[in-house]
Amino acid sequence: MKMVSKSMIFCIILFSVNIKAQDYDGKLPPAENNCNGIFLSYVFISRTKELPHVKNATAQAWAFKATATVLNAGIYELKNWKIFIGFQNRELLVSASNAVLLSGDDFPAPVGNGTYLAGYPQADLKTSIDTAGDVKKIQAEIELTGTQFGIKPPGYPMPKTIKLFNDGYKCPAAKRKETKMHVCCVKDPKFKVKNFTTKYFPRQNGDLLISYDVMQAYPNNYQAQVTIQNSNPLGRLDQWNLTWEWMRGEFIYSMRGAYTRKKDYSNCVYGAAGQYYKDFDFSKVLNCEKKPTIADLPRERAQDKDVGMLPFCCRNGSIMPTVMNATNSKSVFQLQVYKLPPDLNLTALYPPERWKIVGLLNPDYKCGQALRVDEAQFLDPTGLHATVIAIASWQIVCNITKPKDRANRCCVSYSAYYNDSAIPCNTCACGCDNSVKCSQNAPGLLLPPEALLVPFSNRREKSLYWAKLKHYHVPKQLPCGDNCGVSINWHIDSNYKSGWTARITLFNWGAVNFVDWFVGIQFKKTGSGFAQAFSFNGSLLRNMNDTIFLKGLPGLNYLMAEADGPKPGDPRVPGKQQSVLRFNKKHLKGIDILKGDGFPTKLLFNGEECALPTHLLAADGRKWRAKSWVIAIITLLTFLLMLKDLQ
């Protein structure tokens, strides 16, 4: 009996050893075995000194290789995984396999302050339980290559940290040993899990929502519909251009409702597509670029049987805010996409990545990754009371970003009745040409208000004369211009006991007419006091921080382009629109117009945030307060003068 027990024990031990060797093969580190969650690791592999070779170690560039791993070692599936790698050595990431930058940026990308990566094409990581330990389905391995600076051998240029970016997980400090770093992120017991009724991720909110819906699928191609929806009351796009990147060799065979800026099939003929589709007539292919640029069709092609005949298409790239026109707040187009091996089956569907969209003079949109959502539903195009369900759908969320310093495309100048001078737009507010001999750092010189009516290149004499007259300091090198295509003057007209008035003037110094323009204005304290706009259509958006929304009345909805002066040799004349705005003080407390409460804190033209002056006009002692009947006469005279100008 004892002999039997010993043999059984020996067999059990041997059996357990064999299972361990078979499952893990002795390759997994102890930390990975002990993790009941998401195990992240970063391994620095190698680096090579790049040209040029310099003596200063902090300035020397090194080409490096590293590997990051995301392993689902827990019991819950990880959907749409995202990680943060805390790079800190001025890294420039050149490539990352099986992942995309969450910011949507292209490679190479500066990531010296850290970067977020998301999975592609394997966005979800199954559990070992559901896959019988299939490593390919529970783990994503990212091969990283790039350039870094500043660490002299034998030091190891490692990131500060690595952590999971998904909701519901918490990560301790990463453990590091020489060239390796790892962390185990576990479920946060305090995190309240939302009970989603959707199969995939619920659709997100954002300023601009793009839906990529597969409507028809075949083994080697599919038809997709792209819907661009404006969800921001102050967002807008004019003559939009949409770009993305095909990640798996796809190409566009045909398109309806839009077109590609280049009609080029040479990449297919000389590439992988030409090798696989040997008998294919590529002369009929619309575009084979890896990063195509797509634009909306003009209005006259809306009824074209070949490329038009699609609802919400063909408006020359105009996407309006819903407060202006709800019907024109959406744009739709369709495309036929051909695939390459190994994606030759009905369900091998992958959307493009790295989406970007830009307009003529509009906000800067930053787009995220394509997120799988529940299939979109559409009305039956035949008119029947039926619902058409897409085969697969992805959503791309784009949000408006604040323009970087000197990267605006419009600017604001200030003037007021209580000061003789006007503060012009900031120096280089919309960027500067380095070849121009002017000061990019000197503040703009105060001007007589009438100088704002002439181009910056013609203001030199006026600004110097005004500075001499007012005894203002003039730098040795005069400041550069603002270089903005659109400038806006905000002038405080009057200030009286029960209210105040301001005049807004729009100048178009560019070569393009702006149709159906709009302006959004926000104040720190006085926005809710808005009462009336005299020659614009004005309304107060309470749900947008009391934003004043202005647009042109019928006949005044065009802001014309810059034109030649009336006589040869005269300065060019900008397109101009103007209106007086009236404000009440009845419900406003603690405001002082003379101390700056009458100037906006944020102003947008066609959704683009304009650069504001860095300082305000000071009252020069003439603190005049008008009576109600006086301001009524001033307002009426101003309105009559504007009507005369329009005739």
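An unreviewed UniProt entry lists the protein under the name COBRA C-terminal domain-containing protein, from Solanum pinnatisectum. Looking at the Subcellular location (unreviewed entry) heading of the UniProt record, one finds this comment for the protein: "Cell membrane". Entered under Sequence similarities (unreviewed entry) in the UniProt record, the comment concerning the protein runs "Belongs to the COBRA family."

Trainee: Provide a residue-level description of the UniProt feature "domain: COBRA C-terminal" (unreviewed entry) in the protein, including the pertinent values.
Mentor: The residues that UniProt annotates with the feature "domain: COBRA C-terminal" (unreviewed entry) are residues 409-615. Along residues 409-615, the helical share is 5% and the strand share 36%, with 20 Å between the first and last C-alpha atoms.

Trainee: Now, about the sheet that holds strand β7 (residues 115-119): what can you tell me, with residues and values included?
Mentor: In space, the 4 strands of this open sheet follow the order β5-β7-β3-β9, with antiparallel pairing throughout. Single-partner strands in this sheet number two, and they are β5 (99-101) and β9 (162-164). Taking each pair of neighbouring strands and ignoring which way they run, the sheet shows an average axis angle of 30 degrees. Bridging between strand β3 (residues 82-85) and β7 involves 4 bridges; their strand directions are antiparallel. Across the sheet, residue F84 finds its bridge partner in β7, namely Y116.

Trainee: Provide a residue-level description of the state of the cysteines, including the pertinent values.
Mentor: Tallied over the full model, the rule gives 10 disulfides. Paired through a disulfide, C410 and C610 show a sulfur-sulfur distance of 2.0 Å. Judged by the sign of its S-S torsion, about -95 degrees, the bond between C410 and C610 is left-handed. A residue pair is termed long-range when its members are at least 10 positions apart, and C410 in strand β26 (residues 410-416) and C610 in the loop between β38 (608-609) and α8 (628-646) qualify at 200 residues. Comparing C410 with C610, the two get one shared label, buried. In this model, C428 is linked to C432 through a disulfide, with the two sulfur atoms separated by 1.9 Å.

Trainee: Outline the nonpolar core, listing residues and values.
Mentor: Where a protein is soluble and globular, its nonpolar side chains tend to be buried together. Ranked by internal contacts, the top residues of the largest apolar core, which has 39 residues, are W490, I504, I521, L581 and F605. Only β26, β28 (486-496), β29 (499-508), β31 (518-522), β32 (530-533), β34 (547-552), β36 (575-584) and β37 (602-605) provide two or more residues apiece to this core.

Trainee: Account for the packing of aromatic side chains, naming residues and giving values.
Mentor: For the structure shown, the criterion picks out 32 aromatic pairs. When the centroid spacing of 6.0 Å and the interplanar angle of 55 degrees are considered together, the rings of F251 and F282 count as tilted. One end of the pair, F251, is in strand β16 (residues 251-256); the other, F282, is in the loop between α6 (272-276) and β18 (293-296), with 31 residues separating them in the sequence. Given a relative accessible area of 8%, F282 falls into the buried group.

Trainee: Now, about the pattern of salt bridges: what can you tell me, with residues and values included?
Mentor: Scanning the model with the defined rule gives 19 salt bridges in all. Residue E562 pairs with R572 through a salt bridge whose shortest N-O separation is 3.1 Å. Placement of the pair is E562 in the loop between β35 (558-559) and β36 and R572 in the loop between β35 and β36, with a sequence separation of 10 residues. Exposure remark for E562: the relative accessible area of 18% places this residue in the buried category. For R572, the salt bridge goes to D564, with nearest N and O atoms at 2.4 Å. One salt-bridge network, held together by shared partners, links E77, K79 and K126.

Trainee: Quick one: what's the story with the pairing of strand β15 (residues 241-245), residue by residue and with numbers?
Mentor: Of all the 5 residues making up β15, 4 are buried; the element is thus mostly covered by neighbouring parts of the structure. Sheet analysis places β15 next to β18, joined by 3 bridges and oriented antiparallel. Looking at β18, one finds that T243 is bridged to T293. As paired strands, β15 and strand β20 (residues 353-358) are joined by 4 bridges and run antiparallel to one another. Residue pairing in the sheet places N241 in a bridge with V358 of β20.

Trainee: An account of a nonpolar patch on the surface is requested, with residue identities and associated values reported.
Mentor: A cluster of nonpolar side chains, I75, Y76 and I129, forms an exposed patch at the surface whose accessible area comes to about 340 Å². By the secondary structure assignment, I75 is in the loop between β2 (61-72) and β3.

Trainee: Kindly report on the sheet that holds β31, identifying the contributing residues and their values.
Mentor: An order of β33-β34-β31-β37-β38 is seen for the 5 strands of this open sheet, with the pairing classed as antiparallel. Each edge of the open sheet is held by one strand with a lone partner, namely β33 (536-541) and β38. Looking at chain direction, β31 and β37 are connected through 4 bridges and run antiparallel. Paired with Q522 across the bridge in β37 is K602.

Trainee: Lay out the environment of C425 in plain terms, naming residues and giving numbers.
Mentor: Here C425 lies in the loop between β27 (419-423) and α7 (460-470). Residue classification places C425 among the buried residues on the basis of a relative accessible area of 10%. Distance from C425 to C411, taken between C-alpha atoms, is 5.8 Å for residues 14 residues apart in sequence. Ignoring anything within four residues of it in the chain, the contact list for C425 reads C411, V412, S413, D482 and S487.

Conventions and cut-offs
- Residues numbered from 1 in each chain as written.
- Predicted model: local features only at pLDDT ≥ 70, side-chain atom pairs only at ≥ 80, totals over all residues.
- Heavy atoms only, no water.
- UniProt positions renumbered as here; feature names shortened; annotations may be inferred.
- Helix = DSSP H or I, 4+ residues; strand = E, 2+ residues; numbered from the N terminus.
- Pairing = 2+ DSSP bridges.
- Axes fitted to C-alpha atoms, helices over the stretch in contact; angles between N-to-C directions.
- Disulfide = S-S within 2.5 Å.
- Buried < 20%, exposed > 50% of the residue type's maximum accessible area, 1.4 Å probe, protein only.
- Core = buried A, V, L, I, M, F, W, Y, C linked by side-chain atoms within 4.5 Å.
- Phe/Tyr/Trp six-rings, centres within 6.5 Å; stacked < 30°, edge-to-face > 60°.
- Salt bridge = Lys/Arg side-chain N within 4 Å of Asp/Glu carboxyl O.
- Patch = residues over 30% accessible without salt bridge, like charges linked within 9 Å, V, L, I, M, F, W, Y side chains within 5 Å.
- Areas by Shrake-Rupley, 256 points an atom, 1.4 Å probe, with all protein chains shown as cover.
- Contact = heavy atoms within 4.5 Å.

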